[in-house]
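Below are the chains, spelled out letter by letter.
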Amino acid sequence: GENVEQHPSTLSVQEGDSAVIKCTYSDSASNYFPWYKQELGKGPQLIIDIRSNVGEKKDQRIAVTLNKTAKHFSLHITETQPEDSAVYFCAASIQGNTPLVFGKGTRLSVIA
Amino acid sequence: DAGVTQSPTHLIKTRGQQVTLRCSPKSGHDTVSWYQQALGQGPQFIFQYYEEEERQRGNFPDRFSGHQFPNYSSELNVNALLLGDSALYLCASSLNLWGGEQFFGPGTRLTVL
């Protein structure tokens, strides 16, 4: 089955700097890659997703890139703000067919 | 528009007891999936319900069972609780099985003593 590895496990950045979180997946059939943000005491919230027919997707300060050949995808957050501090999870699935398989998460701290 | 709701928020049980957790999906959604999130880990898929039937199941023992009602709400039942069942239990809803994005509820924090 699918296995998703996520790095780093913790990340501290200065406010205004960029943050990058990377994930690799094992099943070449996976075609849907969402990113979730989880704040303390809350459930995961979808922030951006990408499907395997595109290589990059951007939404304001957040972008995701996908390299199908290497089987890895990354989350990029620019101009970080203190409210970006949270745990971020990547996930992979075969959309329409399999459940999400999550990475172990990255705890992002944005220092003001 | 109400999102996914779960009850209770917190629950404390002792080993060997049974527990029932409840979930109401986002308005318009017909599919409910349950995930277990251990401390410091990502969510792990338990099972999925659609049209009142279990459609897919993750690697969890049959102590974990569920149900979906005609109004699409769902219950997760865990029998013979173990210390290792302590976790945040998340419900996610979507439309038409895996066809759309999944929206998560706030979770139920279960502590087994």
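Right above here is the structure, for reference.
This one's a predicted model, so the numbers in the text were calculated from it and none came from an experiment.

Colleague: It is not clear to me how the overall build of chain A should be interpreted in this structure. Could you clarify?
Modeller: Regarding its fold elements, chain A presents zero helices and 11 strands. Traced from its N-terminal end to its C-terminal end, chain A shows the element sequence β-β-β-β-β-β-β-β-β-β-β. The C-alpha atoms of chain A give a radius of gyration of 13 Å, which matches the 13 Å a tight globule of 112 residues would have. Over its C-alpha atoms, taken along the principal directions, chain A stretches across nearly 40 × 30 × 20 Å. A fraction of 53% describes how many contacts in chain A between residues 6 or more apart in sequence connect residues 24 or more apart. A total accessible area of about 5,500 Å² is found for chain A, and carbon and sulfur atoms account for 46% of it. Charge centroids of chain A, computed over 11 positive and 12 negative side chains, lie 4 Å from each other.

Colleague: How should I be thinking about unusual backbone geometry in this particular structure?
Modeller: Glycine aside, the phi torsion of most residues is negative, and most peptide linkages are trans. Between A:His7 and the following residue, A:Pro8, the backbone shows a cis peptide bond with an omega angle of -5°. Residue placement: A:Pro8 occurs in the loop between β1 (4-7) and β2 (10-14). Here B:Tyr72, not a glycine, exhibits a phi torsion of approximately 80°, which is positive. Looking at the element boundaries, B:Tyr72 is found in the loop between β7 (64-68) and β8 (74-78). Residue class for B:Tyr72 comes out partly exposed when judged on its relative accessible area of 40%. Of note in the backbone geometry, B:Ala80 takes a positive phi value of approximately 45° without being a glycine.

Colleague: How do you make sense of the environment of A:Thr78 when you look at a structure like this?
Modeller: Residues and elements named next belong to chain A. As for its position among the elements, Thr78 is in the loop between β8 (72-77) and β9 (86-92). Sequence-wise, Thr78 and Ala19 are 59 residues apart; in three dimensions their C-alpha atoms are separated by 6.6 Å. What Thr78 contacts, discounting residues up to four positions off in sequence, is Asp17, Ser18 and Arg61.

Colleague: I tried to follow the sheet that holds strand β6 (residues 56-59) of chain A on my own but got confused; where do I start?
Modeller: The strands making up a sheet associate through backbone hydrogen bonding, with each pair oriented either parallel or antiparallel. Residue and element names in this part refer to chain A. Within the open sheet, the five strands sit side by side as β1-β3-β8-β7-β6. Their pairing is antiparallel. The two strands at the open ends of the sheet, each matched to only one other strand, are β1 and β6. For this sheet, the mean angle separating the axes of adjacent strands, direction not counted, is 15°. Relative to β8, strand β3 (residues 19-25) runs antiparallel, the two sharing six bridges. The residue bridging Ala19 from the neighbouring strand is Ile77, located in β8.

Cut-offs applied
Residues numbered from 1 in each chain as written. Chains lettered and ligands numbered in written order. Predicted model: local features only at pLDDT ≥ 70, side-chain atom pairs only at ≥ 80, totals over all residues. Heavy atoms only, no water. Helix = DSSP H or I, 4+ residues; strand = E, 2+ residues; numbered from the N terminus. Rg over C-alpha atoms; globule rule 2.2 N^0.38 Å. Contact = heavy atoms within 4.5 Å. Areas by Shrake-Rupley, 256 points an atom, 1.4 Å probe, with all protein chains shown as cover. Lys, Arg positive; Asp, Glu negative; His and termini not counted. Charge placed at Lys NZ, Arg CZ, Asp CG, Glu CD. Buried < 20%, exposed > 50% of the residue type's maximum accessible area, 1.4 Å probe, protein only. Pairing = 2+ DSSP bridges. Axes fitted to C-alpha atoms, helices over the stretch in contact; angles between N-to-C directions.

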